[in-house]
Amino acid sequence: EPEVTQTPSHQVTQMGQEVILRCVPISNHLYFYWYRQILGQKVEFLVSFYNNEISEKSEIFDDQFSVERPDGSNFTLKIRSTKLEDSAMYFCASRGERNTEAFFGQGTRLTVV
Amino acid sequence: GDSVTQMEGPVTLSEEAFLTINCTYTATGYPSLFWYVQYPGEGLQLLLKATKADDKGSNKGFEATYRKETTSFHLEKGSVQVSDSAVYFCALSDPGGGATNKLIFGTGTLLAVQP
């Protein structure tokens, strides 16, 4: 069964460092998302990506964040200069046609120390 | 804006007990509604969905009915098992859509089932 894969599963980084979280969405999907879940809190939308551009971003997704789909396969989230409050589980998701279900990856747990 | 409210947890039940987790929503249009489940140490998995009023989603003994009149999508199961212990998230798909169709999640409800 096709699935969304994310790497790494866990990343520890020092405050101020850049991190890149990687995702391989399901191959024929068109809509791509990043969500974040701070420990014990709700899952929050960060950004959506469609037709090679950001279609919507939340207030959380400030200038420190960027997304790319560099090769038609991977979908990456970059945090330019990490802060302690960026520590969270980051989920990638992809969707086919509109109004079909979103499939989520297993998540990357980011710990900023 | 659109939002989802679900009952606070944790919910602790004995095996074979009846489960209800309440979920209500606020949306300007006609959203699709979802329940996602997160087992310990795992990602989010779609449990069930309903795309229009009066639809009933069901899976693995869980069910939820899309009630437009009460803007609710309560999750129920007749007889829970220890293996159902997880966090359950109610969510809606942004009816404004556009090229986004993002999911808006509730806060999640932790279910703990004891043998």
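Each remark here, short or long, concerns the structure printed above.
Residues numbered from 1 in each chain as written. Chains lettered and ligands numbered in written order. Predicted model: local features only at pLDDT ≥ 70, side-chain atom pairs only at ≥ 80, totals over all residues. Heavy atoms only, no water.

Chemist: Account for the overall build of chain A, with residues named and values stated.
Modeler: Broken down by element type, chain A carries zero helices and eleven strands. When its helices and strands are written in sequence order, chain A yields β-β-β-β-β-β-β-β-β-β-β. Over its C-alpha atoms, taken along the principal directions, chain A stretches across nearly 40 × 25 × 25 Å. Here chain A, with 113 residues, has 43% of them falling under the buried criterion. Here the contacts in chain A between residues at least 6 apart in sequence split such that 53% fall between residues at least 24 apart. In the structure as shown, chain A presents an accessible area of about 5,800 Å², 45% of it carried by carbon and sulfur atoms. Here chain A carries 11 positive and 15 negative side-chain charges, and the mean point of each set is 2 Å from the other. (Helix = DSSP H or I, 4+ residues; strand = E, 2+ residues; numbered from the N terminus. Buried < 20%, exposed > 50% of the residue type's maximum accessible area, 1.4 Å probe, protein only. Contact = heavy atoms within 4.5 Å. Areas by Shrake-Rupley, 256 points an atom, 1.4 Å probe, with all protein chains shown as cover. Lys, Arg positive; Asp, Glu negative; His and termini not counted. Charge placed at Lys NZ, Arg CZ, Asp CG, Glu CD.)

Chemist: Tell me what's going on with the overall build of chain B, and back it up with residues and numbers.
Modeler: When you go through chain B residue by residue, the secondary structure sums to zero helices and twelve strands. In chain B, the succession of helices and strands from N to C terminus is β-β-β-β-β-β-β-β-β-β-β-β. For chain B, whose C-alpha radius of gyration is 14 Å, the value lies close to the compact-globule estimate of 13 Å for 115 residues. The dimensions of chain B, computed from C-alpha atoms along their principal axes, are 45 × 30 × 20 Å. A burial count over chain B gives 47% of its 115 residues as buried. Within chain B, residue pairs in contact and separated by at least 24 positions form 56% of the contacts whose partners lie at least 6 positions apart. Taken as a whole, chain B presents about 5,100 Å² of accessible surface, with 49% of it coming from carbon and sulfur. (Rg over C-alpha atoms; globule rule 2.2 N^0.38 Å.)

Chemist: I'd like a rundown of the interface of chain B and chain A, residues and numbers included.
Modeler: Each partner contributes to the interface: chain B provides 21 residues, whereas chain A provides 21 residues. With both chains or domains summed, chain B and chain A bury close to 1,900 Å², and 49% of this area falls on carbon and sulfur atoms. Linking chain B to chain A there are one salt bridge. Between Lys102(B) and Glu56(A) there is a salt bridge, with its nearest N and O atoms 2.6 Å apart. Put simply, chain B and chain A have five residue pairs in polar contact (both at pLDDT 80 or more) between them. (Buried area = accessible area lost by both parts, 1.4 Å probe. Salt bridge = Lys/Arg side-chain N within 4 Å of Asp/Glu carboxyl O. Polar contact = N/O pair within 3.5 Å; in protein donor to acceptor, adjacent residues only side chain to side chain.)

Chemist: Describe in detail the state of the cysteines, supporting the description with residues and values.
Modeler: Scanning the model with the defined rule gives two disulfides over all chains in all. A sulfur-sulfur separation of 2.0 Å characterises the disulfide bridge that pairs Cys23(A) with Cys92(A). Taking the sign of the S-S torsion, about -65° here, the bridge from Cys23(A) to Cys92(A) comes out left-handed. Within this pair, whereas Cys23(A) is found in strand S3 (residues 19–24), its partner Cys92(A) is found in strand S9 (residues 88–95), the two being separated by 69 residues in sequence. The residues Cys23(A) and Cys92(A) share a single accessibility class, namely buried. Sulfur-sulfur distance for the disulfide between Cys23(B) and Cys90(B) comes to 1.9 Å. Its S-S torsion of approximately -70° makes the covalent link between Cys23(B) and Cys90(B) left-handed. Within this pair, whereas Cys23(B) is found in strand S4 (residues 23–26), its partner Cys90(B) is found in strand S10 (residues 86–93), the two being separated by 67 residues in sequence. (Disulfide = S-S within 2.5 Å.)

Chemist: Describe the sheet that holds strand S3 (residues 19–21) of chain B, with residues and values.
Modeler: Residues and elements named next belong to chain B. In space, the four strands of this open sheet follow the order S3-S9-S8-S7, with antiparallel pairing throughout. Pairing within the sheet leaves two strands with one partner each, and these edge strands are S3 and strand S7 (56–59). Averaged over all pairs of adjacent strands, the angle between their axes in this sheet comes to 15°, without regard to strand direction. Of the strand pairs in this sheet, S3 and strand S9 (residues 75–77) are connected by three bridges, and their pairing is antiparallel. Along S9, the bridge assignment pairs Thr20 with Glu76. (Pairing = 2+ DSSP bridges. Axes fitted to C-alpha atoms, helices over the stretch in contact; angles between N-to-C directions.)

Chemist: Describe the environment of Asn22(B), and please don't skip the residues or the numbers.
Modeler: Residue and element names in this part refer to chain B. In this structure, Asn22 sits in the loop between S3 and S4. You can call Asn22 partly exposed: its relative accessible area is 35%. A C-alpha to C-alpha distance of 19 Å links Asn22 and Gln45, two positions 23 residues apart in sequence. Ignoring sequence-local partners within four residues, the contact set of Asn22 consists of Thr5, Gln6, Met7, Trp35 and His74. At a separation of 3.5 Å, a polar atom in the side chain of Asn22 contacts the side chain of His74.

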